[in-house]
Amino acid sequence: MRIAIEIQTLTEVRSWIERVCSIVARHCNSSAIDPHNLNMLRAHFACGSDVLVDSETIYNRTSGDFFLRYGLANLMKNYYALSELQGLGILSRISRIIDVGSGPGTFALAYVLWAKTHATTLSCPMSIVMTDSAREPLALFDKIWSELPEVERNLVKITKVHQTCTSDLPSTAEADLIVFSNSISEILRSSHCRYDDLCQNLAGSHATILVIDHYYRDTERLLNEFARRMVEHRKLVSLYHWNRWNNVFDEVNLLPIAHRVRFSETHSQRIDSNVKFLKAIFRPSDGKGHASPPPRTTHSVQMYKRAWEQHDLNILRELFTEDATYQEKPHSAPLQGIEKICEYWKQNALRQRFVRFMPKFVDFHNDSMIVLWEASFFRVDLNRWMYLDGSFNATFRQGRICAFSEKFNKLTSAFPLNDRNH
Ligand SMILES: C[S@@+](CC[C@H](N)C(=O)[O-])C[C@H]1O[C@@H](n2cnc3c(N)ncnc32)[C@H](O)[C@@H]1O
């Protein structure tokens, strides 16, 4: 039986987005997502509709449906990107952001959620300039924003600019971060885009550039070319070791997620999504836009990775407190104390070969850290390869883990599986 790998972060993101979706559903005055609008959007994503209907018209007509259908997944992607920027030590240095093709403010909303839960680590308030060529998504954002509690609105200063991105970006020179969340392919393929000038402007800015997008066959050439131009002038940085598409974009594959959109007292709709996307972070290579030292969480995950992959008990002793508890499976009794933990790991060292541990997503709240991960190794006693996906929760005391619990799903194979992220 597969264990549902739930994480606290996801539960919070979901309940928050359900709240926001109910605001959107109310404002759209609709009883469900319009299938015709959804088809129009899908055709547009895959470039099928460009000749018939332009991007602006489509998003003006479908902004509510877009949010209700894709809001949770896109918010989760942006939240993930924020966790990565934090882990790289970049986020704490940022105070001015431009979100290009912002739609109904997905990035800004993800930031509010992030800031709510990580208040101590951020330089608040953040300034976010949202720009979009369509008016309706920006207007929808206003409606959502006006219903958020004041404490949440105070976390970010929002400026909205109704503007088609051709090559210039509003006050590019002053931004610390430029975000293209699910918008760069659309912008590049638009007839308005002055491709060379846009690349030059981006390359010349001192901002870090975050790109989140999908692979679409019809925009592959443009995305490839854009990636090539960016790495000519900028440094590609990444915290997690995902497989790469075209040597630049990480192929991020988080959890499948579901949420319910309530349209009325009696009617609700379940939305299922895979949080699977391409992501790249380009830092200026001129020394500007320095990162702070990576936070403690990043360091601990790297230590855990080394401890497991090298079966190094010394690292384990550094990582855990003397009296740490360690629960390997949800219903098993926790091991008590570092000696018991080391004994258990020693057994593993005898049985496991070629261990690869890959953190997929790290988040932290106060003194606890949540890690989504994948791992693989060869079990010598069983003569089989093991593939695990799971999550762990670690609570820290004075920089060391004092309580650890994990859960995972397992797949075994007589042969190594090559198509996984290891
Ligand atoms: C797929 S939506 C993404 C919205 C949001 N960033 C998200 O991740 O949910 C793409 C957005 O890009 C905007 N867009 C497309 N081409 C644009 C252009 N040339 N300039 C500005 N915005 C553009 C669209 O209006 C739309 O709101």
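So, how was this worked out
Residues numbered from 1 in each chain as written. Predicted model: local features only at pLDDT ≥ 70, side-chain atom pairs only at ≥ 80, totals over all residues. Near = placed C-beta within 6 Å. Helix = DSSP H or I, 4+ residues; strand = E, 2+ residues; numbered from the N terminus. Pairing = 2+ DSSP bridges. Contact = placed C-beta atoms within 7 Å. Axes fitted to C-alpha atoms, helices over the stretch in contact; angles between N-to-C directions. Core = buried A, V, L, I, M, F, W, Y, C linked by C-beta atoms within 7 Å. Buried ≥ 20, exposed ≤ 12 C-beta atoms within 10 Å, placed from the backbone. Domains from an automatic or database assignment. Parallel < 35°, antiparallel > 145°, perpendicular 65-115°, else oblique. Left-handed = near helix turned anticlockwise from the far one by under 90°.

Trainee: Looking at this structure, I do not really get the site of the ligand. What am I missing?
Mentor: Contacts to the ligand come from 20 residues, most closely from Gly101, Gly103, Thr106, Cys165 and Ser181. Looking at the shell around the ligand, the elements that each hand over two or more residues are α3 (55-87) and α7 (184-189). In terms of residue count, the dominant contributor to the shell around the ligand is α3 (3 residues).

Trainee: Just to check I follow, could you spell out the sheet that holds strand β14 (residues 384-397) for this structure?
Mentor: Adjacent strands of a sheet form backbone hydrogen bonds with each other and so pair up, either parallel or antiparallel. Strands sit in the order β11-β10-β15-β14-β13-β12 across an open sheet of 6 strands; the sheet is mixed. Strands with a single pairing partner mark the edges of an open sheet, and in this sheet they are β11 (335-336) and β12 (352-365). Two elements, strand β10 (residues 320-327) and β11, share 2 bridges in a ladder whose sense is antiparallel. Counterpart to threonine 325 in the pairing with β11 is glutamine 336. Taken strand by strand, helix α10 (residues 296-309) contacts β12 and β13 (368-379), and its axis lies near 165° from that of β12. Sitting on the sheet, helix α12 (residues 338-351) touches β10, β11, β12 and β13, and the angle it makes with β10 is about 60°.

Trainee: I would appreciate a short explanation of the nonpolar core in the present structure.
Mentor: Proteins that are soluble and globular tend to have nonpolar side chains buried together. Among the nonpolar cores identified, the biggest contains 108 residues, and Tyr79, Ala110, Tyr111, Ile178 and Val179 are the most heavily contacted of them. Counting residues per element, this core draws most heavily on α3, which supplies 15 residues. Taken together, domain 1 (8-284) and domain 2 (296-413) each give at least three residues to this core, which thus spans both. Discounting residues that sit within four places of it in the chain, valine 179 has contacts with Ile97, Ile98, Asp99, Val100, Phe107 and Leu210.

Trainee: What am I meant to see in the packing of helix α1 (residues 8-28) against α3 here?
Mentor: Between two packed helices, both the angle of their axes relative to each other and the distance between the axes serve to describe the pair. Taken N-terminus to C-terminus, the directions of α1 and α3 make an angle of 160°; their axes are 10 Å apart at the nearest point. In terms of their interaxial angle, α1 and α3 are classed as roughly antiparallel. In the crossing of α1 with α3, the sense of the turn from one axis to the other is right-handed. Contact residues: α1 offers Val13, Arg14, Ile17, Val20, Cys21, Val24, Ala25 and Cys28, while α3 offers Gly64, Phe67, Leu68, Gly71, Leu72, Leu75, Met76 and Tyr79.

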